[in-house]
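The lines below spell out each chain.
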Amino acid sequence: SKTQNIALIDTQNKFAITQLTIKGGAQPSFSPDGKKIYYISYDESELGEIYSIEIETKIVSRITNDQFMDFSPSLSP
């Protein structure tokens, strides 16, 4: 099966595509400051865990680590 990943498309630069995730990513949500994207990945858990990725550095951080189904991350300032 194919794994969903997250990519950014630069609409100002000939629609250049930058793939951000390689181990899966779905349901992306930008941080209020636009510097991170929060998303779900099933790479380490079949129930899904929430991760963040810093857009500039591509540093990934796992946010949740639980036995619950995690989905639809959203942030508020």
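The structure contained in this document is the topic of the report that follows. (Residues numbered from 1 in each chain as written. Predicted model: local features only at pLDDT ≥ 70, side-chain atom pairs only at ≥ 80, totals over all residues. Heavy atoms only, no water.)

**A word on the side chain of Asp70**
And step 1. The topology assignment puts Asp70 in the segment after β6 (60-62).
And step 2. No salt bridge forms around the buried Asp70; measuring N to O, its nearest opposite-charge neighbour Arg62 is 7.0 Å away.
And step 3. A distance of 2.9 Å separates the side chain of Asp70 from the side chain of Thr64, its partner in a polar contact.
And step 4. Apart from residues lying up to four places away in sequence, Asp70 is in contact with Ile40, Leu47, Gly48, Glu49, Ile50 and Thr64. (Helix = DSSP H or I, 4+ residues; strand = E, 2+ residues; numbered from the N terminus. Buried < 20%, exposed > 50% of the residue type's maximum accessible area, 1.4 Å probe, protein only. Lys, Arg positive; Asp, Glu negative; His and termini not counted. Salt bridge = Lys/Arg side-chain N within 4 Å of Asp/Glu carboxyl O. Polar contact = N/O pair within 3.5 Å; in protein donor to acceptor, adjacent residues only side chain to side chain. Contact = heavy atoms within 4.5 Å.)

**Points about unusual backbone geometry**
And step 1. One non-glycine residue, Lys58, adopts positive backbone phi at about 65 degrees.
And step 2. Tracing the chain through its elements places Lys58 in the loop between β5 (49-54) and β6.
And step 3. For Lys58, a relative accessible area of 37% gives the class partly exposed.
And step 4. At Ser72, a residue that is not glycine, the phi angle is positive and equals roughly 50 degrees.
And step 5. Topologically, Ser72 is positioned in the segment after β6.

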